[in-house]
Each structure stands twice: as structure tokens, then as C-alpha cells.
Amino acid sequence: MSRPSATTRADKILRKSLTGIRGVDEITGGGLPTGRPTLVSGGAGSGKTLFALEFLVRGATAYGEPGVFMSFEETIPDLTKNAASLGFNLGRLISQKKIFLDHVHITRSDIAETGEYDLDGLFIRIADAVKQVGAKRIVLDTIEALFGELPNPNILRAEIRRLFGWLKDQGLTTVITAERDRSEKLTRHGIEEFVSDCVIVLDHRIREEISTRRLRIVKYRGSTHGTNEYPFLIDECGFSVLPISSLGLDHAASTARISTGIARLDGMLGGKGYFKGSSILLSGSSGTGKTTVAAHFVDAACRRGERCLYFAFEESPRQVIRNMRSVGIDLEPWLRKGLLEFHAFRPTYGGIEEVLLLAHRHIATYEPRVVIVDPMTSLLMVSTLAEVRSMLTRLVDFLKTEGVTSVFTSLTAAGMTLEASEADVSSLMDTWLLLKTMEVGGERNRALYVLKSRGMPHSNQIREFLLTNDGLELLDVYLGSDGVLTGSARMSQEGREKAAGTARRQQSAGRGRELERKRKILEARLTMLRAEFEVEAERIRQSISDSALIDQGLRHDRGQMMTSRAADTSAYTKRGTAPGARPR
Amino acid sequence: MAGQTPKSVRAFANLTQICEEHLQGRYQIEVIDLIEHPHLARGAQIVAIPTLVIDLPEPVRKIIGDLSNTDRVLVGLALQQLA
């Protein structure tokens, strides 16, 4: 059951069989060419047999294509054991008639050549095996072993060519393994000339004591394919190839925001927190609180019901949980509810590619919304900065494509300029928080600030924080004449300002009272003046009225007098002169 | 053998001739056609055709080819030392 890939027109014409091997189908654009032979070449122990086994087993279990494994080197019990290490139960598959195993073995010393022969015996065995299970897939591992067992290489080559022709006629999708002992040659005996449809090379090298495995598609006729070397690993889940080059920079950019888990930190980040699906770097020297910031974020995410994946490279999960509990963050319930999953291992265990592969696999299986890598700098112990950057680029690209918000903690050596040492990696990060300790007046106090946060306005303040029993608490920072004040310097400054404030208030209160008093004095004076004025006015009025009275009295008197004199005057006036008036 | 091919026919002819010449009645030839009994190829680990399996005297030996190289056949049958 093979599905045609839809990437190019050529791919549509060429039918492909899915391998079911993680990553391989992506690199090949749909699997191996159907009905044609594929050569898998590699050095000793590079994983060719396991690759071929998984191809067959997945074909039988996942795609309904039974298969035949013709082994020219390993015995059937050995193969069964090797398959078990990948988690495959060959015995069961054989009894279910989904896989047929045949071991072809000839001892050179038992054979004598006495004339012409062909390999019909082998053909018959293969044909019978195919018929037994109705196979659609077949593996020949490794047919070049016959060159060591049979005397005449020319007959062998001719017969191998005939065999491949026959396999093509039968429409069997074939995987042929071959060992290469030198890097220029693909096979020991040159059978690659017969297999021209698809050639895959497996490589297994040891570098600085770490083993790395790489897969490369050397040739795939009629199809586009990834041409790079892809790292892969083999473990109890089978083969895993990392198809990383296929990731581009076309992931979406969400405008949704998620809380950091620390309210005032959200405030420093434009008021709302991180962008969903962004990458965050928390850097600082040892003990500055990076894990705590990350744990707050995890706690907040789990509270929202989002799954979190925590990669711990330095501490065990139990240690992290215990440490976080001491600052009031309890991660245990999330662990129990399955909202938080830890994967703790030291990168030295397998090398940087293995870390990436494992990360990929866990993320693909668990489907978290949040991923924590704590600390990312552990990777520098097993690799160069350039490789770490390359690996992180791929990881961050992958996470962004999935819309996963990621937090990376970075341990800076104490004493080094905090910002300089992350220069290479920080460009991958959207938000960068720096945690530091500040030594002031004989104390070390914790502080953090937002070095950058793309796409949002953010605070540029250095904020002191405390690790309390209720988690991380951000405090306001006081700027003295020498710069930022923290710790007891801050407290004394706070006290001073408080006292100054009180003094000022008291002063103004005093002044207010003073004003009030003066007003009262003024009013009192006014009252007094008015009173005086009233008294004066009254006096004057009185004197005026007195004068009036006197006038009146005088007039009255005069009137009276005149009246009394009128008798006399009127006599005069009648005569016109007064009797007794002396002539003048 | 696997069906009546020229090589198989030749091999059988050569074999009977050698046996008659050197063994005279002290032999037994069993012809197995793998096309009819393909599973026997697996048990006996037959890859090349024609293959002569010599059961006795032990150990079991195989001779592949149409048996036209008589010397080799005789060596294989332990009837002659290696020249």
C-alpha cells in the first residue's frame, strides 16, 4: 500500500513505498521507490540491517505489505534478538505470516567448483519465500557476502544482475544492504552499478568521544530529495531521522499573549506577557533565579490546562520540584495530572544531535504548548558554539512551526559580561530577560530587566526581586544619585523618603494653621475697627442730632421770642414803624 | 537441480559417468528438483544450481557446477588427492 507523493510532477509518476521510519519518509518525499531496488550502504555497525528490518516490519504492520528478509550474514536467532532491541517481535510476525526470514549460508571450504553453474537455487528460495507470505517488500542483507563464499565473481555478478531484474519484474520493493570499507566506494564489490534507482548512505562516526550517526540520500532517480546529511539515532523505538532541513522560516507569528506567571513581570512586558509561540531566553549567573522564572511560567500554563515539557540537563526532576516548592511553586500536582512532563538527561549521554532527536520525538509524541530547556548552556559541554547554535536554530524553528512557546535558561559564568556571552544565541530569541545580582553596600540583591522583547513595548527598568515563600516578587527600584538602589540601601532610602514626606506634610499643615491664625487675627481686627467705627459713627450721629435739636430749640426759642415780641413788632409793622422807634 | 536445464542435464550425465567409472555400483544418486520442492533448498542451503551434495563419506560436501571438471569432482568425491 504505497501512496504517491505530490511534491513534483516527477514524484507523481514515480510511486513510492512508505518506510514508516520516522523522518525518512519526509526526506525522501514519500518513501523508497516502489518495485525498485534501493541500496543502503554503510560501514560496520552503521545500522544498515536495522534500517532494513524496520522497513520490513513497518511495511508488514503499518502498510499491509508482508516482507521477506534474506540474510546472508546474520543467523535467524541473531536477527530476532536485534529486532527485539528495536521493539520488534519478529517471532510473532513470522508466525502471523507477515515476515519470512531465510538465512543463506555457504561455507567456502565445503564448496568445490567444477564447471558452469548459476544461482537458480537462490532464486528458487527467494521465490518460495515471497510466495509463502505474499511479500511486497524484500531485503537482501548483505548480498555481497556471497562474493566471499562463492568462487567465481563473474558468475556472481551476472546472477546478481539477473536477480535484480527478476525482483523488478515481480514488483518487489527491495532494500539491499552493502558494507563499505572506504569512503570513496559505496560497496566492496561494486554492486551499486546494478542499483541505480536509490542509494542511501549511513554513517557512524565518533567525534570527541560522542558517537554521531548520519544518513544521506546520495541518489534518488526521478525524485526530489533532501541532499544533506541528517542525524539519526537508533533506540528501543527504532530508527529516528531528523528531517530538519525541511524547516523554513515561514511559521506564523501569533499576536496572542500569555502570562509569565508573575504579574509585575507581565507589566514589564507591555502589560500582557510573552507572545504565544515565541522564544524566551533567561540568562544569568548561578543562583539568580532563572529556573524560578521558568517555573512560574510552567505553573501558569498548567493552570490554563496547557501541557508543558521540561528538559532538564543539570538537575533531576525531583530536585527541581523540591527547589521550586521552597519558593512556593508546587509543580507536583501538574506532574500527577499529566500536564507537566520532565525529561532529564545530561547532553554528554549522547551528543547534541541525539538531544535534538530526542527533543523532537518527545515533542511530537507529547504535543506540549510550552517547552522549557534548562539550561541550554549544558549543550556547550558536548559541542562547539557553532553547532549548538545550529541545533538551537533547528529546534526553535521546529517549535515555532508548531506554535510552541519555548523558554531557554542560559547559565553565564559569574564575572563575565552577561550580555556578550549569549550574542550568538540571543538572535534566535524574541524575548531576553537578564537576571543579575547587584552588590551594594556589602549586600547582594537580586534584580532582573528586559534586555529585549520583539514586537512589544517593554520596561527598561532594572527591577529588584525577592524569592519569597510565595514565589518571585518584583519590587520597585529606587534610583539614588549613584544609580539603582537595592536591598537595605533601598529600604533606607524608602525610610528616608517616607520621613521627608511626613516632615513636608507636617510643615504644610503648620503653614496652613498659620494662615488660619492670621486670618482670624485680621478678622478680629476688622471686627474691632468696625466696632470702633460704629461707636464713632454713633457719636457723630448723636452729635449731629444734638445739634439739630439745639437748632430746633434755638429756632423755637426765637420763635417764641418773636412771638412774644410780635405783639410789639406787629404794632410797628402796622404803622410801619415802631412806636418808640426813634427816627434814625 | 531446478528443472531440466542444459547445465543440469550435463551434470547428471557427467555424474553418472564418473560414478560408473570409479565407483561401480557403490553409489546412490538422488535427484531433487527444487522447482517441485523449493523448501528443500533452504534446509540443504542450496544456492547454486546444479549442486551435488555428497552425504557419504562424511563430512557433507557440496560440489557446484555441471561437473565437467572431472579432476575436481574426483577430489570432491575423495577419490583422488588434490593435484
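About the criteria used
Residues numbered from 1 in each chain as written. Chains lettered and ligands numbered in written order. Predicted model: local features only at pLDDT ≥ 70, side-chain atom pairs only at ≥ 80, totals over all residues. Helix = DSSP H or I, 4+ residues; strand = E, 2+ residues; numbered from the N terminus. Buried ≥ 20, exposed ≤ 12 C-beta atoms within 10 Å, placed from the backbone. Contact = placed C-beta atoms within 7 Å. Pairing = 2+ DSSP bridges. Axes fitted to C-alpha atoms, helices over the stretch in contact; angles between N-to-C directions. Expected span 1.5 Å × (residues − 1). Nonpolar A, V, L, I, M, F, W, Y, C, P; charged D, E, K, R; others polar. pLDDT = per-residue confidence, 0-100.

So, on to the overall build of chain B. Across its full length, chain B carries three helices and two strands. Of the regular secondary structure in chain B, the N- to C-terminal order runs α-α-β-β-α. Taken across its 83 residues, chain B has 30% of its residues classed as buried. Partitioning the intrachain contacts of chain B with sequence separation of at least 6 by distance along the chain shows that 45% fall at a separation of at least 24.

For the rest of this paragraph, the subject is the sheet that holds strand β1 (residues 51-54) of chain B. Spatial strand order, β6(A)-β2(B)-β1(B): three strands in an open sheet with mixed pairing. One side of each edge strand has no neighbouring strand; the edge strands of this open sheet are β6 (111-113) of chain A together with β1 of chain B. This sheet shows a mean twist of 20 degrees between the axes of neighbouring strands, independent of strand direction. Where β6(A) lies against strand β2 (residues 61-64) of chain B, three bridges are found, and the strand directions are parallel. In the sheet register, A:I111 faces β2(B), and the bridge partner there is B:K62.

Look at helix α10 (residues 290-303) of chain A: 20 Å from first C-alpha to last across 14 residues, which is about the 20 Å you get at 1.5 Å a residue. A large share of α10(A) lies buried, amounting to 13 of its 14 residues.

Further remarks concern the interface of chain B and chain A. Each side of the interface is counted separately: chain B has 28 residues, and chain A has 21 residues. Looking at the side of chain B that touches chain A, the elements that each hand over two or more residues are α2 (39-43), β2 and α3 (70-76) of chain B. Here the residues of the side of chain B that touches chain A sort into 15 nonpolar, seven polar and six charged.

Before going further, it helps to spend a moment on the confidence of the model for chain A. Summary statistics for chain A give a mean pLDDT of 84 and a share of 89% for residues scoring 70 or more. For the stretch residues 1-7 of chain A, pLDDT sits under 50, and the model shows 22 contacts to residues farther than four places along the chain or on other chains.

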